[in-house]
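Descriptive structure summary
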Amino acid sequence: MLVFGLVEGPELGWDDPLVVVALLLAIALQALFALVESRSADPLMPFRLFRNRSLTVGMTITFLFMGTFGVLPYFLTVLLQTVHDFSALQTGLAFLIPSLAIAFGTQLGERLTTRSGTRSTLLIGFAGGVIGTAGLAFGFDAGTSYAALVPGLIVSGVGQGIIWTAMWIAASTGTAAEEQGVANGIASTTLNLGNAIGLAVFTVVADLGIEGKSAETLRVAIADGGFLVVLLSAGVMVIGFLITLALRPVVAR
């Protein structure tokens, strides 16, 4: 209901009854869920697990991860196909570079976590992600080529891969063995919510300047909207960096 309201709000209007009802239902259903879970003898999501700081921080990081890194492929696709007139095949080939960078980052994240701990690894990943994503933003220009995106794609991709490995370790650290599945389920659900909500919100932001535009002015407006979204994503990654500081510096074994 929350995602539906955020997606339909810009199209139907924020005062449209359908949007208003969807958002009110989202609040009411979340409150009902919390009430039922707090009174259940065998809850689906035991709130006591959140006393584990590592799970709480890890869950928050997964939400921010997919709300930032997770939405970038969509806006990159829009930039490449709508602004630079790439075909679907060309766009797929363009994603090979960030895909390889992410794959490298996941392997690097494993080694860093073992040697330096989850907290340090996440901090390194977010630092790289912020720098790479901020650099990537400057490739969101109607007058630039794909080459302008490559440095940001590589640095951001490596940072993304590092975080991906370490954030799952953070979410499972300190949770009893018989509740690992529940902790993983909480983190996985938060991951998907972060992607859906992040994409809905950033799509609204990206579309703010395109109304009434056409042809070349529309292409420029789409690129400018993507530039703003990517910069905002880098800003949210800074929040992820700061939240990571709340983790206890424990080295994985």
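As shown above, the structure is provided for reference.
Described below are features of the structure shown in this document. These figures come from a predicted structure and were not determined experimentally. (Residues numbered from 1 in each chain as written. Predicted model: local features only at pLDDT ≥ 70, side-chain atom pairs only at ≥ 80, totals over all residues. Heavy atoms only, no water.)

**A few points about the overall build of the chain**
- When its secondary structure is counted, the chain shows 10 helices and zero strands.
- Scanning the chain from its N terminus toward the C terminus, one meets helices and strands in the order α-α-α-α-α-α-α-α-α-α.
- A compact globule built from 253 residues would reach a C-alpha radius of gyration of about 18 Å, and the chain, at 20 Å, matches this within 12%.
- Across its three principal axes, the chain shows a C-alpha extent of roughly 60 × 50 × 30 Å.
- Residues counted as buried form 41% of the 253 residues belonging to the chain.
- A fraction of 77% describes how many contacts in the chain between residues 6 or more apart in sequence connect residues 24 or more apart.
- A gap of 21 Å separates the mean positions of the 11 positive and 15 negative side-chain charges of the chain. (Helix = DSSP H or I, 4+ residues; strand = E, 2+ residues; numbered from the N terminus. Rg over C-alpha atoms; globule rule 2.2 N^0.38 Å. Buried < 20%, exposed > 50% of the residue type's maximum accessible area, 1.4 Å probe, protein only. Contact = heavy atoms within 4.5 Å. Lys, Arg positive; Asp, Glu negative; His and termini not counted. Charge placed at Lys NZ, Arg CZ, Asp CG, Glu CD.)

**Comments concerning empty space enclosed by the protein**
- Taken as a whole and assessed by the stated rule, the structure comprises one cavity of 30 Å³ or more.
- In this structure, the largest cavity occupies an estimated 40 Å³ of space.
- What lines the largest cavity is simply Leu 76, Leu 80, Ala 94, Phe 95, Pro 98, Tyr 146, Leu 149 and Leu 153.
- Partitioning the lining of the largest cavity into residue classes produces eight nonpolar, no polar and no charged. (1 Å grid on protein atoms, 1.4 Å probe; cavity = no way out; pocket = protein on both sides within 12 Å on 5 of 7 lines; lining within 4 Å. Points joined across faces, edges and corners; volume = space filled by probe spheres on them. Nonpolar A, V, L, I, M, F, W, Y, C, P; charged D, E, K, R; others polar.)

**Some remarks on the pattern of salt bridges**
- Under the definition given, this model contains two salt bridges.
- Taking the shortest distance from any N to any O, the salt bridge between Glu 179 and Arg 48 comes out at 2.5 Å. Of the two residues, Glu 179 is situated in the loop between helix H8 (150-172) and helix H9 (180-206) and Arg 48 in the loop between helix H2 (17-39) and helix H3 (53-68); the sequence distance between them amounts to 131 residues.
- Of the residues examined, Glu 179 reaches a relative accessible area of 14% and is grouped as buried.
- Relative accessible area serves as the criterion here: at 43%, Arg 48 is assigned to the partly exposed category. (Salt bridge = Lys/Arg side-chain N within 4 Å of Asp/Glu carboxyl O.)

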